[in-house]
Structures are given as structure tokens and as C-alpha cells.
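Understanding the architecture of this molecule
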Amino acid sequence: MQYTLDFAKDLDKQDLLSTYRNEFYIKEGIIYLDGNSLGLLSKRAEDSVKNMLESWKEHAIEGWMNGENPWFFLSENLGSKMAGLVGAKENEVIVTGSTTINLHQLIASFYNPSTGRTKIIADELTFPSDIYAMKSQIKLKGLSPEEHLVQVKSNDGYLLNEDDLIAAMDENTSLVILSSVLYRSGQLLDMKKLVEAAHERGILIGFDLAHSIGVIPHDFANIQPDFAFWCNYKYVNSGPGSVGGLYVNEKHFGVEPGISGWFSSKKDKQFDMEHELNYEHHAGAFQVGTPHILSIAPIIGSLQIFEEAGIDKIRRKSLQLTNFLMMLIDSELTNLDFTIINPRVDEKRGGHVCLHHSEAASICKALKAHGIIPDYREPSLIRLAPVSFYTSYEEVWRAVQVLKEIMVQGDYKKFKNTRNVIA
Ligand SMILES: *Cc1c(COP(=O)(O)O)cnc(C)c1O
């Protein structure tokens, strides 16, 4: 079958989410396929930042309790809204910190090696920052990461096997910390199966949702993980360094936060100024200090769009976009040495397509020179993320045509096959 431009345009006509494209700042002549690294700015997120500046201008110190979005309760209020994206109860989610800081907080709160369970299980493919956090938390307990951090191997360097992860869980394991979707291969792990296996063995398990929040629905009421954490600048489109989020299962309410501060406090006690912390008995306990209000502000606007569109529709379109992209790669890029690395089946695929090519770094530079924004990841991987809110099927079609042209005409050879500082 020939996937023509008209075929792509037809898909756009049937697209239930097509109206959202107008809400985002999209540069003329650019096809942006990097929303899994940094989502684009929406007009609503921009407005909520402007409104926040206005509320500071207007209310000064009174902004903590007054105005459209009183700052004192903003992390809790947005946590309640984000709970929908993970299928959790409202007070199981708080908007705070960042992916890495929230991971530190959760390990500090749930890792108790003195019980004899001293090991943390992760994998060899996870994001480096997560591994650095795990190692430093193990060291803070006076233990050696070489001995107590177990990184489960991948068979092919790209994908993980749930059974291998489960086989590593033993009576010395305290925590299992994995990504819901692997940042390179885009593999979506079977969280339900992993949680059941961990719990059968008396182990706590948590997930990094950086590559699944805002693109995949999560049914945490059913899956019942112990904790999770994420950033909001990827598929949640809330801007560089915007405040992240964390989830703590309600069965752990009452656990003392490992890293405490006055924002861990029960709200009505915080200004008693006691030296004995009366920490909150919900996810809010895992905050530390004053929330970064200006970096939370864009999340207000972004979440409105998610609430309107619905995460199920977002996922459906995302799967169709990546499916279309893979079909085009299969039919247009034959004999050009590309390999699709991500799992092909819907149940195991995240929001992006991952391509391997030995000249990946030069190809990414050539794509950028032609107005297509992919991202490059070591070793030799090209990630392409069409985003439901703002990528059209026509753009996916055009991107593959440009890629084909770059390969056939050898344009990529003009660029060095080495990564840039940020890649
Ligand atoms: C993006 C990403 C991070 C980034 O962490 P920050 O603390 O937000 O810098 C961490 N882990 C994974 C898996 C990611 O994809």
C-alpha cells in the first residue's frame, strides 16, 4: 500500500484533536518531533504565567491566600488535577520538586536498609540521573553502591525483560525503581506484573514516569505501585525546568518524609512555627520548602488542555501517529540501514519511535538543517516523538520524505557524526 500525502491529509481530517494545534506556538517551516524532551508552549500555559505575574504585582504577600490561584495551596490543587493523569486519588499526588529531587525524597523516605533489606534494584538502561540519585542515597546510608545497587541487564542493549527484573527481586531487596517507559527505546514496561511480583516478595516498587506522564494513561488505583515521580516539561508541556510531580500510595500515608522542611507540614500547623514537625499524612508531606510558584504557573494552563482533551484520546492519537510513522519508515526507508528499536505492539510502546543508524548523529544534524527537529541519543539512536496536541499526520509524512531525501542524496555526510553538547 502507498501512504501518500493525501492519505496523511485524510487522517488529519478525521483527527479529533486537530483543533489543539492552534493553541501551541509552532514555528513556521519547522516540524517539531522533540516533544518528549521539551514540549512546546501553549497559549494557555503562557497565559497562566502572565496571570501569575499579575497576581504577584496585584497581591504581593497576600497572593499566598488570595487571587485566582492562591500560592499556599497551589501544589495541592494541581496535584489533585494531575491525579487524573496517573489514575490516583487526589491526595496521592503533589506537584513539587523535579524528577531527580523527587526520587531523592522517595528513596530517603522508603529505603530502610537497617531492616536487613539493603538492596535497590534498577536496570542498566535507565536514565543516568536516576542512577546517580540511587547511588548517593545508598552512600548516605553508609553502604556501597557496588554491593547494594543491582542493575539488571538487557539482552540486546535496548529492551528489558520483565522476568529478568522479577528474577532479581529477593529477600535482600528493599526497593525496585524502574522507568514506566525507557527513555531511549520507548519500551513500556508491564507495571502491573512488576508491582505484583515485588509485593509478593515484600518489596516496595516505584516508577519514573518522565516518558509516560501526559502521553499514556496510568491506572494506579489498579496497579497499586508504592510511589512514582516525574517532570512536567516533556509531554506535559509546562516549560524548561517547570516543577515536577510525585505520587505516594495512600497505604503509605503517615510515613515520615526522609527530607523534611516546613512545607512537609500540615497546612494548618505550618505557621505555628514549632520545632517539632507535624507532617502531612498525604503526598503533600513529601514537599520540602517554598514552592517555585513561577515554575508551577505554566502547569495550570497545560492541565486545562489535558482535562479537556482526555488522556485516553491523547494516547489513541499518539499510538496512531507512531504507528503511521513506523509504517512510513518501513515502506520509504528500505535498504538505508535504519532499524526500528522500539517495541512495535501498542501495549509495549511509549510515545516515541526510536531508530538506530550508525550515522545517527550526522543524520540528526542534517534533519535539523532541513527544519525537522528530532533528538539524538547515544549510542547511534534517533528519537522521533510526534505529539498528539500539535503534530499532524501530514508532518509525519513530510518528515519521513525529508529523511529519505537526506539519505538518498547523501546530505547527512556533510555533518560530523559526533553528538553536540546537548543531544
Ligand atoms: C527527563 C528525565 C529525567 C530528568 O530529570 P530532572 O530532574 O527533571 O532533570 C530523569 N529521568 C528520566 C527517565 C527522564 O527521562
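Residues numbered from 1 in each chain as written. Predicted model: local features only at pLDDT ≥ 70, side-chain atom pairs only at ≥ 80, totals over all residues. Heavy atoms only, no water.

**Some remarks on the domain arrangement of the chain**
Here is the rule: Where a domain begins and ends is set by an automatic assignment or by a domain database. What gets called buried area is simply the loss in accessible area from a 1.4 Å probe that two parts show on being joined, summed for both. Polar contacts, as used here, are pairs of N or O atoms within 3.5 Å; protein pairs need one atom able to donate a hydrogen and one able to accept it. Residues neighboring in sequence count only if both atoms are side-chain atoms. By the criteria applied, helices consist of DSSP H or I runs no shorter than four residues and strands consist of E runs no shorter than two, each listed in order from the N terminus. Polarity classes work like this: nonpolar for Ala, Val, Leu, Ile, Met, Phe, Trp, Tyr, Cys and Pro, charged for Asp, Glu, Lys and Arg, and polar for all others, with Gly in that last group.
Split into domains, the chain comes out as domain 1 (5-32 + 310-414) and domain 2 (47-308). Spacing between the C-alpha centres of domain 1 and domain 2 amounts to 30 Å. With both chains or domains summed, domain 1 and domain 2 bury close to 2200 Å², and 61% of this area falls on carbon and sulfur atoms. Counting across the domain 1 and domain 2 interface gives 7 residue pairs in polar contact (both at pLDDT 80 or more). Put simply, the parts of the chain that give the side of domain 1 that touches domain 2 at least two residues each are helix 11 (311-332), strand 10 (353-356) and strand 13 (381-384). By residue number, the principal contributor to the side of domain 1 that touches domain 2 is helix 11, which donates 5 residues. Looking at the side of domain 1 that touches domain 2, its residues break down into 13 nonpolar, 7 polar and 9 charged.

**Overview of the site of the ligand**
As a reminder, the rule being used: Nearness of a residue to a molecule or strand requires only that one of the residue's heavy atoms be within 4 Å of it. Only the protein chains shown count as cover for residues, with accessible areas throughout obtained via the Shrake-Rupley method and a probe of 1.4 Å.
All residues adjacent to the ligand are Ser 98, Thr 99, Thr 100, Phe 127, Asp 130, Asp 208, Ala 210, His 211, Cys 231, Tyr 233 and Lys 234. In the model, a nitrogen atom of the ligand is placed 3.0 Å from a nitrogen or oxygen of the Asp 130 side chain. Within the contact set of the ligand, a nitrogen atom lies 2.9 Å away from a side-chain nitrogen or oxygen of Asp 208. Against a free-state accessible area of 390 Å², the protein chains account for coverage of 86% of the ligand.

**Considerations on empty space enclosed by the protein**
Basically, it comes down to this: Think of a 1 Å grid over the protein atoms and nothing else: a 1.4 Å probe that fits but is trapped marks a cavity, an open set flanked by protein within 12 Å on at least five of seven lines marks a pocket, and residues with an atom within 4 Å of a point count as lining. Grid points are joined across faces, edges and corners, and a volume is the space filled by probe spheres set on the points.
According to the stated counting rule, one finds 3 cavities of 30 Å³ or more in the structure shown. Volume-wise, the largest cavity comes out at about 60 Å³. Around the largest cavity, the lining residues are Gly 214, Val 215, Tyr 235, Asn 237, Phe 306, Ile 314, Ser 318, Pro 386, Val 387, Ser 388 and Phe 389. For the lining of the largest cavity, the two domains that each supply at least three residues are domain 1 (5-32 + 310-414) and domain 2 (47-308). The biggest single contributor to the lining of the second largest cavity is helix 13 (residues 393-408), with 3 residues.

**Observations regarding the UniProt feature "binding site: pyridoxal 5'-phosphate" (unreviewed entry) in the chain**
To be explicit about the condition: UniProt positions are given in the numbering used here, feature names are shortened, and annotations may be inferred rather than shown by experiment. Residue contacts follow a heavy-atom distance rule, with two residues in contact if any of their heavy atoms lie within 4.5 Å. Three labels apply to residues, based on accessible area from a 1.4 Å probe with only protein chains included: buried if under 20% of the type maximum, exposed if over 50%, partly exposed otherwise in between.
Per the UniProt entry, the sites bearing "binding site: pyridoxal 5'-phosphate" (unreviewed entry) are Thr 99, Thr 100, Phe 127, Pro 128, Ser 129, Asp 130, Asp 208, His 211, Tyr 233, Trp 262 and Thr 290 in this numbering. Spatially, the listed residues are scattered: they cover 192 residues, and their C-alpha atoms lie as much as 30.5 Å apart. As for the lining of the largest pocket, the annotated residues named previously contribute Thr 99, Thr 100, Phe 127, Pro 128, Ser 129, Asp 130, Asp 208, His 211 and Tyr 233. Excluding its chain neighbours within four sequence positions, the residues that come into contact with Tyr 233 are Ser 37, Leu 38, Gly 39, Ser 238, Gly 239, Pro 240, Gly 241 and Ser 242. With respect to the element layout, Thr 290 can be found in the loop between strand 8 (245-248) and helix 10 (293-309). A relative accessible area of 39% means that Thr 290 is categorised as partly exposed. In contact with Thr 290, other than residues within four places in its own chain, are Trp 64, Trp 262 and Phe 263.

**A look at the UniProt feature "domain: Aminotransferase class I/classII large" (unreviewed entry) in the chain**
The positions that UniProt labels "domain: Aminotransferase class I/classII large" (unreviewed entry) are, in the present scheme, residues 76-223. The straight-line gap between the two end C-alpha atoms of residues 76-223 is 23 Å; of that span, 41% is helix and 16% is strand.

**Points about the nonpolar core**
We apply this condition: Working definition of a nonpolar core: buried Ala, Val, Leu, Ile, Met, Phe, Trp, Tyr and Cys residues. They are joined through side-chain atoms within 4.5 Å.
Ranked by internal contacts, the top residues of the largest apolar core, which has 65 residues, are Met 82, Met 169, Leu 194, Trp 230 and Phe 389. A per-element tally of this core places helix 10 first, with 9 residues. No fewer than three residues from each of domain 1 (5-32 + 310-414) and domain 2 (47-308) sit in this core. In contact with Met 169, not counting residues within four places along its chain, are Ile 121, Val 176, Leu 194, Ala 197, Ala 198, Arg 201 and Ile 203. In terms of nonpolar packing, the next biggest core, distinct from the first, is built from 36 residues, Phe 338, Ile 372, Val 396 and Val 400 among them.

**Considerations on the environment of Ser 264**
Mapped onto the secondary structure, Ser 264 falls in the loop between strand 8 and helix 10. Between the C-alpha atom of Ser 264 and that of Asp 130, which follows or precedes it by 134 residues, the distance is 23 Å. At 3.3 Å, the side chain of Ser 264 and the backbone oxygen of Ala 285 are in polar contact. Here the side chain of Ser 264 touches Gln 287 through a polar contact of 2.7 Å, landing on its backbone oxygen.

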